[in-house]
Amino acid sequence: KQEVTQIPAALSVPEGENLVLNCSFTDSAIYNLQWFRQDPGKGLTSLLLIQSSQREQTSGRLNASLDKSSGRSTLYIAASQPGDSATYLCAVNFNKFYFGSGTKLNVKP
Amino acid sequence: DAGVIQSPRHEVTEMGQEVTLRCKPISGHNSLFWYRQTMMRGLELLIYFNNNVPIDDSGMPEDRFSAKMPNASFSTLKIQPSEPRDSAVYFCASSFTGLPGGNQPQHFGDGTRLSIL
């Protein structure tokens, strides 16, 4: 069974700090990996999608990297803001999507 | 772009009743996914369709669950009879060419919060 793990489960940081969220997976044979954010009571909003042939993707203050050989992806958030507070999920496409349990981020003003 | 539309947003019903959840994918998307999210198990894929055809239903928990996609703009997830352990948030997502290896992101609806008493 494929497994996707996200560490830490929760993170609280002061505004302005740069931070890294981690996602690890058990099999390097992936098609792509997608990072989402989920706000309370809402669905998932797609942030970045990395294809298996790519090493990283960037969107604004977000940068996601992928290292298939080590089974890891990181989501880097620069200059964090209170509006970044949400749960961040990674989903790995092994032939169908498997989700991590998420990292709940709180950015304090 | 209207996004993925799910209805109802909330459903509270008594055990044993039939429950029908509805989803309208983004126009032009040809893949549709149903997920269930609980605190204990996180987000799980139940079933996905490509071009209205079910491709993988291995995540459907029991025969009490069924899903249909009669056309490209509508899908239903039905639970009959419902049980308290079915209480969860059910999400629908769509993408363009969402098959394995497909390179387009999934877009999610806001979900249906289901409570079975």
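Residues numbered from 1 in each chain as written. Chains lettered and ligands numbered in written order. Predicted model: local features only at pLDDT ≥ 70, side-chain atom pairs only at ≥ 80, totals over all residues. Heavy atoms only, no water.

Student: Residue-level account of the sheet that holds strand β1 (residues 4-7) of chain A, with values.
Tutor: Residues and elements named next belong to chain A. Read from one edge to the other, the open sheet built from five strands follows the order β1-β3-β8-β7-β6, with strand pairing classed as antiparallel. In this open sheet, the two edge strands, each paired with only one partner strand, are β1 and β6 (56-59). The sheet shows a mean angle of 15° between the axes of neighbouring strands, taken without regard to direction. Of the pairings in the sheet, the one linking β1 to strand β3 (residues 19-25) comprises four bridges and is antiparallel in character. (Pairing = 2+ DSSP bridges. Helix = DSSP H or I, 4+ residues; strand = E, 2+ residues; numbered from the N terminus. Axes fitted to C-alpha atoms, helices over the stretch in contact; angles between N-to-C directions.)

Student: Outline the interface of chain A and chain B, listing residues and values.
Tutor: In this complex, chain A contributes 17 residues to the contact, which on the side of chain B involves 22 residues. For the pair chain A and chain B, the summed buried surface comes to about 1,500 Å²; carbon and sulfur atoms form 54% of the total. On the chain A side of the interface with chain B, the three residues burying the most area are Lys96(A), Phe97(A) and Phe99(A), jointly 32% of the side's total. Counting every contact that joins chain A to chain B gives one salt bridge. Of the charged contacts in the structure, one is a salt bridge between Asp56(B) and Lys96(A), with a shortest N-O distance of 3.6 Å. For the interface between chain A and chain B, the tally reads four residue pairs in polar contact (both at pLDDT 80 or more). For the side of chain A that touches chain B, the elements supplying multiple residues, two or more each, are β4 (32-38), β5 (44-51) and β10 (97-99) of chain A. Taken together, the residues of the side of chain A that touches chain B break down into six nonpolar, nine polar and two charged. (Contact = heavy atoms within 4.5 Å. Buried area = accessible area lost by both parts, 1.4 Å probe. Salt bridge = Lys/Arg side-chain N within 4 Å of Asp/Glu carboxyl O. Polar contact = N/O pair within 3.5 Å; in protein donor to acceptor, adjacent residues only side chain to side chain. Nonpolar A, V, L, I, M, F, W, Y, C, P; charged D, E, K, R; others polar.)

Student: Any chance you could break down the sheet that holds strand β8 (residues 74-79) of chain B for me, citing the residues and the numbers?
Tutor: Picture the strands of a sheet paired through backbone hydrogen bonds; they go either parallel or antiparallel. Residue and element names in this part refer to chain B. Read across the open sheet, the four strands follow the order β1-β3-β8-β7; overall the sheet is antiparallel. What marks the edges here is a single partner per strand, and that holds for β1 (5-7) and β7 (65-71). Ignoring strand direction, the axes of neighbouring strands in this sheet form an average angle of 15°. Of the strand pairs in this sheet, strand β3 (residues 19-24) and β8 are connected by five bridges, and their pairing is antiparallel. Along β8, the bridge assignment pairs Thr20 with Lys78.

Student: An account of the pattern of salt bridges is requested, with residue identities and associated values reported.
Tutor: Proximity of charged atoms lets side chains of opposite charge pair with each other. Residues and elements named next belong to chain B. All told, the structure shown has 11 salt bridges over all chains when counted by the stated rule. Glu62 is the partner of Arg64 in a salt bridge, and the nearest nitrogen-oxygen pair spans 2.8 Å. Residue classification places Glu62 among the partly exposed positions, given a relative accessible area of 27%. The salt bridge involving Arg64 is made with Asp86; its shortest N-O contact spans 2.7 Å. Of this pair, Arg64 sits in the loop between β6 (53-56) and β7 while Asp86 sits in the loop between β8 and β9 (88-95), placing them 22 residues apart in sequence. Exposure class is identical for Arg64 and Asp86. Each is buried. Taken together, the salt bridges that share partners define one network made up of Glu62, Arg64, Glu83, Arg85 and Asp86. (Buried < 20%, exposed > 50% of the residue type's maximum accessible area, 1.4 Å probe, protein only.)

Student: Requested: an account of the side chain of Gln2(A), with residues and values cited.
Tutor: All names here are of chain A. Topologically, Gln2 is positioned in the segment before β1. Of note is the side chain of Gln2, whose polar atom sits 3.4 Å from the side chain of Asp27. Each residue touching Gln2, except ones within four places of it in the same chain, is listed here: Thr26, Asp27, Phe94 and Tyr98.

Student: How would you explain the pairing of β6(A) if you had to name every residue and give the values?
Tutor: All names here are of chain A. Bridge analysis of β6 against strand β7 (residues 62-67) gives four bridges, and the strand direction is antiparallel. Within the sheet, the bridge partner assigned to Glu56 lies in β7 and is Ser65. The antiparallel pairing of β6 with β7 creates a hairpin that spans two residues between the two strands, and Gly60 there sits at a positive phi of about 60°.

Honestly, it's all geometry; don't read function into it.
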